[in-house]
Number of protein chains: 2
Amino acid sequence: MTNPVVVEVTRGPLVESRHRAAVALADATGKMMLAVGDVAAPVFPRSAIKVFQALPLVEEGAADRYGFGDEELALACASHSGEPAHVAGVERMLGAAGLDASALRCGAHWPMSQSAAHTLAKTGAPSALHNNCSGKHAGFLCVACAAGLDHADYWRPQHPVQRKVRAVIEDFTGAVLSDDRCAIDGCSVPTWAIPLENLARGFAKFANGQGLAPTRAAAAARLRDACARKPWHIAGTGRFCTEIMQIFGARVFVKTGAEGVYCGALPEQGLGIAVKCDDGAGRAAQAIVAAIIAHFLPIDDTERAALAPFVQPVLRNWNGLEVGAVRVIEPALRSTD
Amino acid sequence: MTNPVVVEVTRGPLVESRHRAAVALADATGKMMLAVGDVAAPVFPRSAIKVFQALPLVEEGAADRYGFGDEELALACASHSGEPAHVAGVERMLGAAGLDASALRCGAHWPMSQSAAHTLAKTGAPSALHNNCSGKHAGFLCVACAAGLDHADYWRPQHPVQRKVRAVIEDFTGAVLSDDRCAIDGCSVPTWAIPLENLARGFAKFANGQGLAPTRAAAAARLRDACARKPWHIAGTGRFCTEIMQIFGARVFVKTGAEGVYCGALPEQGLGIAVKCDDGAGRAAQAIVAAIIAHFLPIDDTERAALAPFVQPVLRNWNGLEVGAVRVIEPALRSTD
């Protein structure tokens, strides 16, 4: 099955580039509200399911034990930009469990924030704390420490923490996470390929807890609320996830993953969203997510105006001249297969 | 016409992302040696045709007048990384014409080289000299100054320098550059959409001068030789264009453009190459270019081994673990439509 072109990038009078994608929108019963392209094909969700990976941190009691508030919980769900307050928050999480950055196994990279990277470059080099996944890894370490487990191999598929994570993902998505669909993520933890229809259903459950055991539903709600209250901590300055959640608060949850993946939830509608661009382009995936919000969330004119730059971003060159735009092909998003 | 998937990006046991592309390989008579996908569709070549844009600098005598050698000529054809010697070379070009950075109209951006950007951030901020197109713009300014023209608007489509450039591009490619196919490039000069089959033919003429007037053929040869001798100046440390030309010297010319475009030439074979990935992905376009070189250039085992990491790059994560690969679908590249 060939996925349709859902996003075009224009330059002057012509289309310069095209992005194909598959898109799933579902409720917690699995009913598909939108199914564009091949929503049954397995897709690596990458960082888009960090809320599922962070769930044991709440559910197993580690978050309470270490006194974590909204900022720490949002960081556990984050692909953060490595700005100073992100780094400080992750250090706080590790410190609560008696650890420091040396326990992290996510690897180091320069902050995603160019400004933070340039500031850091003046005096030093990045550590694992600056890795966009360091909050998630700190969360894994806290789960291990609170349970009295050896935390050295917390990132390996067979470690009890990752086995808990795997069970949570299976519970939310209803997908079987088999070894033949398992790969290694950028931060070295396992990532399992899951059909978009299952991811959308999983995020519908995340949206309002429907279909989950009560303790799990409560843990999901706590993570959702933390991200809604601290959207800067889930991404960072100027980032799509942060800006969208700053506009809509608890009415929208969105989370990016690498290679053109986005997952999200519309809690009041009980809907889950899963998007994958064939080619891995984040610019297209986020325009699609913005268009879905514009279609499926009741919004007022002010909110529509705030959302418009994300649905159809204007492209400017180094002199600030308007050179083109990213535009979602709306009919492609209306068709339900 | 739907272009075929030519490049896959794997992660663990699965394909994670897919890139569609059109590919043209032609000789100077226009005979197509390879035509994959829609090679008749107009494509913005962006920076991939900087050698055509630099041609008046040599042909009109400005390069001789200002005493330019290989480094300056390669910089005029470059999308450079903004490393110190790139910046110094562009300053030298401007100085020869009695100008400085204030004459550049390309806009400023941080050096493409992360290392150069971090070093610069310690003491300052980028100027137009760091723009990857600053050498091209310095070349335009030199053409204007050598001809005694007002250089203030050298970047506008109606300026004599851009009109010369337009005529050169039409001569090489045989395409009519009409206003309805004109857009603004990242550095504010005009960019005209041209079919890949015409671009490939144009680069076949560039490869060995066949079909060009003698003075134009000589100017093309001089630019080709300059880039072959100074490949670091056309891109920079660790960049694809630089590394490929360091391996093959004068036997291969390659030049990247934004949004997944590459053009190139195999001078000894008299062949021109033009590639456009539908989605704008440079990682896919350069793997395709590497695969074309492996197919169409007679190379020895040492060269094949040196080329292999570009044909099928291994992807590693932040801990250095191998997580996947970029791979060209070879049969897709063998079919000639």
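In the block above lies the structure referred to throughout.
All figures in this text were calculated on a predicted structure; none of them were measured in a lab.

K.L.:
It is not clear to me how helix H1 (residues 50–59) of chain B should be interpreted in this structure. Could you clarify?
P.N.:
All names here are of chain B. Along H1, 9 of the 10 residues are buried, which leaves the element largely enclosed by surrounding structure. Taken together, the buried positions of H1 are occupied by Lys50, Val51, Phe52, Gln53, Ala54, Leu55, Pro56, Leu57 and Val58. Phi for Gly61, located one or two positions after H1, is positive at around 90°.

K.L.:
Would you mind going over the interface of chain A and chain B with me for this structure?
P.N.:
How large an interface is tends to be reported as the accessible area lost when its parts come together. Each partner contributes residues to the interface: chain A has 49 residues there, and chain B has 49 residues. Buried surface at the junction of chain A and chain B, summed over both partners, amounts to about 3,700 Å²; 54% is from carbon and sulfur atoms. Remark: the boundary between chain A and chain B carries 4 salt bridges. Residue Arg46(A) pairs with Glu16(B) through a salt bridge whose shortest N-O separation is 3.1 Å. On the surface where chain A and chain B come into contact, there are 30 residue pairs in polar contact (both at pLDDT 80 or more). Looking at the side of chain A that touches chain B, the elements that each hand over two or more residues are strand E2 (14–27), helix H5 (114–123), strand E5 (182–184) and strand E12 (322–328) of chain A. The element contributing the most residues to the side of chain A that touches chain B is E2(A), with 6 residues.

K.L.:
Help me out: how do you make sense of the pattern of salt bridges in this one?
P.N.:
A side chain of one charge can pair with a side chain of the opposite charge if their charged atoms are brought near each other. What the rule picks out here adds up to 32 salt bridges over all chains. Two residues, Asp70(A) and Arg229(A), come together in a salt bridge whose shortest N-O distance is 2.7 Å. With Asp70(A) in helix H3 (residues 70–76) and Arg229(A) in helix H9 (residues 214–229), this residue pair connects regions lying 159 residues apart in the sequence. Overall, Arg229(A) belongs to the exposed group, its relative accessible area being 52%. Salt bridges linked by common partners bring Arg11(A), Glu16(A), Arg46(B) and Asp185(B) together as one network.

K.L.:
I keep staring at unusual backbone geometry and nothing clicks. Help me out?
P.N.:
With glycine set apart, most residues show a phi of negative sign, and most peptide bonds adopt trans. In the Ramachandran plot, Arg46(B) falls in the positive-phi region, its phi being about 50° despite a non-glycine side chain. Turning to its location among the elements, Arg46(B) is positioned in the loop between strand E4 (42–43) and H1.

K.L.:
Just checking my understanding: could you explain the side chain of His109(B) for this structure?
P.N.:
All names here are of chain B. Tracing the sequence through the fold places His109 in the loop between helix H4 (84–96) and helix H5 (114–123). Owing to a relative accessible area of 6%, His109 belongs among the buried residues under this scheme. Side-chain polar atoms of His109 contact the backbone nitrogen of Asn132, separated by 3.0 Å.

K.L.:
Where do I start with the environment of Gln312(A) in this structure?
P.N.:
Residues and elements named next belong to chain A. Within the secondary structure, Gln312 sits in the loop between helix H13 (301–311) and strand E11 (314–316). Considering only alpha carbons, one finds Gln312 and Ala147, 165 residues apart in sequence, at a separation of 47 Å. In this view, Gln312 contacts Ala325, Val326 and Arg327; residues no more than four positions away in its chain are not counted.

K.L.:
How should the relation of the copies chain A and chain B be read in this particular structure?
P.N.:
These two copies of the chain differ by a rotation about an axis and a displacement along the same axis. Expressed as a screw transformation, the operator carrying chain A onto chain B has a rotation angle of 180° and an axial translation of 0.0 Å, and the superposed copies differ by an RMSD of 0.0 Å. Here the symmetry operator amounts to a two-fold rotation axis. No C-alpha of chain A lies nearer the rotation axis than that of Lys122(A), which sits 2.5 Å from it. Mapped onto chain B, 100% of the interface residues of chain A are again interface residues, and the two copies thus contact each other with one and the same surface.

K.L.:
How should I be thinking about the pairing of E2(A) in this particular structure?
P.N.:
In summary, the side chains of a regular strand alternate between the two faces of the sheet. Residue and element names in this part refer to chain A. The buried fraction of E2 amounts to 12 of the 14 residues, a majority that puts the element mostly inside the structure. Where strand E1 (residues 5–11) lies against E2, 6 bridges are found, and the strand directions are antiparallel. Among the inter-strand pairings, Val9 is bridged to a residue of E2, identified as Ser17. Hairpin connection between E1 and E2: a loop of 2 residues separates the two successive antiparallel strands, and Gly12 in this loop has a positive phi of roughly 55°. Bridge analysis of E2 against strand E10 (residues 271–277) gives 7 bridges, and the strand direction is antiparallel. When the sheet's bridge partners are listed, Ala21 is paired in E10 with Cys277.

K.L.:
Even after reading the chapter, I still don't get the packing of H4(B) against helix H6 (residues 134–146) of chain B, so can you show me in this structure?
P.N.:
Packed helices, taken two at a time, are described by the angle between their axes plus the distance between the axes. Residue and element names in this part refer to chain B. At a minimum axis distance of 9 Å, the contact between H4 and H6 shows a crossing angle of 10°. The pairing of H4 with H6 is recorded here as roughly parallel in orientation. Residues Val90, Met93 and Leu94 of H4 form the contact with H6, whose participating residues are Ser134, Gly135, Ala138, Gly139, Leu141 and Cys142. Of the residues contributing to the contact of H4 with H6, the split by class is 6 nonpolar, 3 polar and no charged.

K.L.:
Is there a simple way to think about the environment of Ala265(A) in this case?
P.N.:
Residue and element names in this part refer to chain A. Among the secondary structure elements, Ala265 is positioned in strand E9 (residues 261–266). Accessibility expressed as a relative area gives 0% for Ala265, which makes it buried. Along the primary structure Ala265 and Arg251 are separated by 14 residues, whereas in three dimensions their C-alpha atoms are 8.3 Å apart. Aside from chain neighbours lying at most four places away, what touches Ala265 is Phe203, Phe206, Ala207, Arg251, Val252, Phe253, Leu271, Gly272 and Ile273.

Each value, and the rule that gives it
Starting afresh in each chain, residues are numbered from 1 along the sequence in its written order. For this description, chains carry letters from A and ligands carry numbers from 1, given in the order in which they are written. At least 70 in pLDDT is required for a residue's local features to be given in this predicted model, at least 80 for side-chain atom pairs to be given and counted, and no such filter applies to totals for whole chains, interfaces and linings, which use all residues. Where side-chain values are given, they derive from all heavy atoms of the structure, hydrogens and water being excluded. Each residue's exposure class comes from its accessible area (1.4 Å probe, protein chains only) as a fraction of the maximum for that residue type: buried when under 20%, exposed when over 50%, partly exposed otherwise. Where helices and strands are cited, they refer to DSSP runs of H or I of at least four residues and of E of at least two residues respectively, numbered from the N terminus. For this analysis, residues touch if any pair of their heavy atoms sits within 4.5 Å. A 1.4 Å probe defines the accessible area here, and the buried area is the portion of it lost by two parts on being joined, summed over both. Salt bridges are counted wherever a side-chain nitrogen of Lys or Arg sits within 4 Å of a carboxyl oxygen of Asp or Glu. Under this definition, polar contacts are N or O atom pairs within 3.5 Å; protein pairs additionally need one hydrogen-donor-capable and one acceptor-capable atom, and for neighbouring residues in sequence, both atoms have to be side-chain atoms. Only residues with pLDDT of at least 70 in both copies count here: their C-alpha atoms drive the least-squares fit that superposes the copies. When DSSP locates at least two bridges between a pair of strands, those strands are taken to pair. Only the contacting stretch of a helix is used when fitting its axis, a line to C-alpha atoms as for every element, and angles between N-to-C directions run 0 to 180 degrees. For classification purposes, angles smaller than 35 degrees are called roughly parallel, those larger than 145 roughly antiparallel, those between 65 and 115 roughly perpendicular, and all remaining angles oblique. Under this grouping Gly is polar, as are all residues other than the nonpolar Ala, Val, Leu, Ile, Met, Phe, Trp, Tyr, Cys and Pro and the charged Asp, Glu, Lys and Arg.

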